[in-house]
Amino acid sequence: MIYLDNAATTPVPRAVADAMYQVLTEQFGNPSSQYPMGVEMKAAVERWRAVIAGALGCKAESLYFTSCGTESDNWAIQAALWQNRHKGKHIITTAVEHSAVLEPCKWLAQQGYEITCLKPGRDGNITVEQVAAALREDTALVSMMLVNNETGCVFPVRETAALLREKNSPALLHCDAVQGFMKVDCDPEGWGVDMMSLSAHKLGGPKGIGALYIGGRMRNPRPLLPGGGQERGLRSGTEATAQIAGFAKAVELRQEHYEEKLAHMAALKEYCRAKLLDMGGVVPVGSGTAPHILAVSLVGYPSANIVTELGAQGICISAGSACHQGKASHVVSALGLDKKTAAGVIRISFSPDNTNEDVDALCVALKAHRDSRFPML
Ligand code: PLP
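Residues numbered from 1 in each chain as written. Predicted model: local features only at pLDDT ≥ 70, side-chain atom pairs only at ≥ 80, totals over all residues. Heavy atoms only, no water.

Visitor: I'd like a rundown of the sheet that holds strand β6 (residues 172-176), residues and numbers included.
Guide: Pairing in this open sheet of 7 strands is mixed, and the strands run β2-β8-β7-β6-β5-β3-β4 from one edge to the other. Only two strands of the sheet have a single neighbouring strand rather than two, namely β2 (63-66) and β4 (114-118). Shown here is a sheet whose adjacent strand axes are inclined to one another by a mean of 20 degrees, direction ignored. Inspection of the sheet shows β6 paired to strand β7 (residues 195-199) by 3 bridges, in the parallel sense. Bridge assignment links Cys 175 to a residue of β7, and that residue is Met 196. (Pairing = 2+ DSSP bridges. Helix = DSSP H or I, 4+ residues; strand = E, 2+ residues; numbered from the N terminus. Axes fitted to C-alpha atoms, helices over the stretch in contact; angles between N-to-C directions.)

Visitor: Talk me through the pairing of β7; I want residue IDs and the actual numbers.
Guide: Side-chain direction in a regular strand flips from residue to residue, so the side chains alternate between the two faces of the sheet. The element β7 is largely enclosed, with a buried count of 5 among its 5 residues. Residues Met 195, Ser 197 and Ser 199 line one face of β7 and the alternating positions Met 196 and Leu 198 line the opposite face, and both faces are buried. By the bridge criterion, 5 bridges tie β7 to strand β8 (residues 210-214) in an arrangement that is antiparallel. Pairing of Ser 197 across the sheet is with Leu 212, part of β8. (Buried < 20%, exposed > 50% of the residue type's maximum accessible area, 1.4 Å probe, protein only.)

Visitor: Account for the layout of surface pockets, with residues named and values stated.
Guide: Taken as a whole, the second largest pocket encloses approximately 220 Å³ of empty space. If you go around the second largest pocket, the residues you meet are Asn 74, Ile 77, Gln 78, Leu 81, Trp 82, Arg 85, Pro 104, Trp 107, Leu 108, Gln 111, Tyr 113 and Arg 222. Put simply, the parts of the chain that give the lining of the second largest pocket at least two residues each are α3 (69-83) and α4 (99-109). Examining the composition of the lining of the second largest pocket, we find that 5 residues originate from one element, α3, more than from any other. When its residues are assigned to classes, the lining of the second largest pocket shows 7 nonpolar, 3 polar and 2 charged. (1 Å grid on protein atoms, 1.4 Å probe; cavity = no way out; pocket = protein on both sides within 12 Å on 5 of 7 lines; lining within 4 Å. Points joined across faces, edges and corners; volume = space filled by probe spheres on them. Nonpolar A, V, L, I, M, F, W, Y, C, P; charged D, E, K, R; others polar.)

Visitor: Quick rundown of the domain arrangement of the protein? Include the residues and the values.
Guide: Each assigned domain of the protein is listed with its residue range as follows: domain 1 (14-255) and domain 2 (257-371). If you average the C-alpha positions of domain 1 and of domain 2, the two centres end up 27 Å apart. At the interface, 26 residues of domain 1 touch 28 residues of domain 2. Roughly 2,100 Å² is buried in total at the junction of domain 1 and domain 2, and carbon and sulfur atoms are behind 53% of that figure. (Domains from an automatic or database assignment. Contact = heavy atoms within 4.5 Å. Buried area = accessible area lost by both parts, 1.4 Å probe.)

Visitor: Break down the site of the ligand for me, with residues and values.
Guide: Neighbouring residues of the ligand: 13 residues in total, closest Gly 69, Thr 70, Asp 176, Ser 199 and Lys 202. At 2.8 Å, a side-chain N or O of Gln 179 approaches an oxygen atom of the ligand. A distance of 2.6 Å separates an oxygen atom of the ligand from a polar side-chain atom of Ser 199. Relative to its unbound accessible area of 390 Å², the ligand is 88% covered by the protein chains. Ranked by residue count, the leading element in the shell around the ligand is α3, at 3 residues. Its residues assigned to classes, the shell around the ligand shows 3 nonpolar, 7 polar and 3 charged. (Near = heavy atom within 4 Å. Polar contact = N/O pair within 3.5 Å; in protein donor to acceptor, adjacent residues only side chain to side chain. Areas by Shrake-Rupley, 256 points an atom, 1.4 Å probe, with all protein chains shown as cover.)

Here's what the structure looks like:
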């Protein structure tokens, strides 16, 4: 199999699975138990938290474990709106956020919140000037992703944090960094981001574990799950120790030769881009600079067919995360592409383990697909 869909999820390396197995079978104590195995696990969870916080450049006590990126996004939105409940009911976000942000926003719109969805340019980018123009006195929350999962565009999160400070705005800033963490610069504490969502399974960790960074401007954050008091009372539920161990191990592995891994992914992306554009009839989609995500369109060839046919040959790519029944995803729609270009958008996403040969095989398969079909009229 040739796996080029690492923005959807990633395989778990053996060392990560081993770390998890050890916790599941031997160090299985509940961190709340009083006997040594429990006490040891409590300390282990804190060690693992420190590993992930270290990679994010924040204090360990600012990081809270959740069950996934989606949960982190939902919690951040709720916590911000609760803190600013007397300040206003206006939310700024982008039209190309993951549904883990857009769906809660739709729900909130039905409850009287006003949502401004910033539209990207044709290049897929959002500017800080757009945020400045949308900012109001009653803006309670700005939620902006760090890296778009379909185009790889890097959004101006740092600049938005600076803008909110400069304007003395009470609006809290949440950043969904599920695709950005350990792929592009990411420094919530240094930038002054109030909350940042992470997810382990995008970087070689297991599914079912995420984290939320909560910064100092969040006074008494609203608990997501009141209960037994885990995660300093904010997110109760017995700690998912094996998943947390796997998350930390995955981060440690990614940290080894970190710069080389990023450079390798960026070089693969460039190699792939150049080869695909050389085929003719393929156009770039957006100008994403994240090293691991490449979006292009095989103009006039519906992406759902491409993905299915390549999948049958053991080559995994994606047609955009929300491509249902041939309908373009909300991200592709927001780019304002013509019908044939929008129909043909595919996403190729890399891990440090991919090779030039993977890209070569992909290009051969795409060319064969195109040569054996008629384009849409
Ligand atoms: N945010 C972004 C940008 C994503 O790409 C994803 C997953 O695809 C999520 C949030 C959701 O993360 P999880 O699968 O951990 O819930």
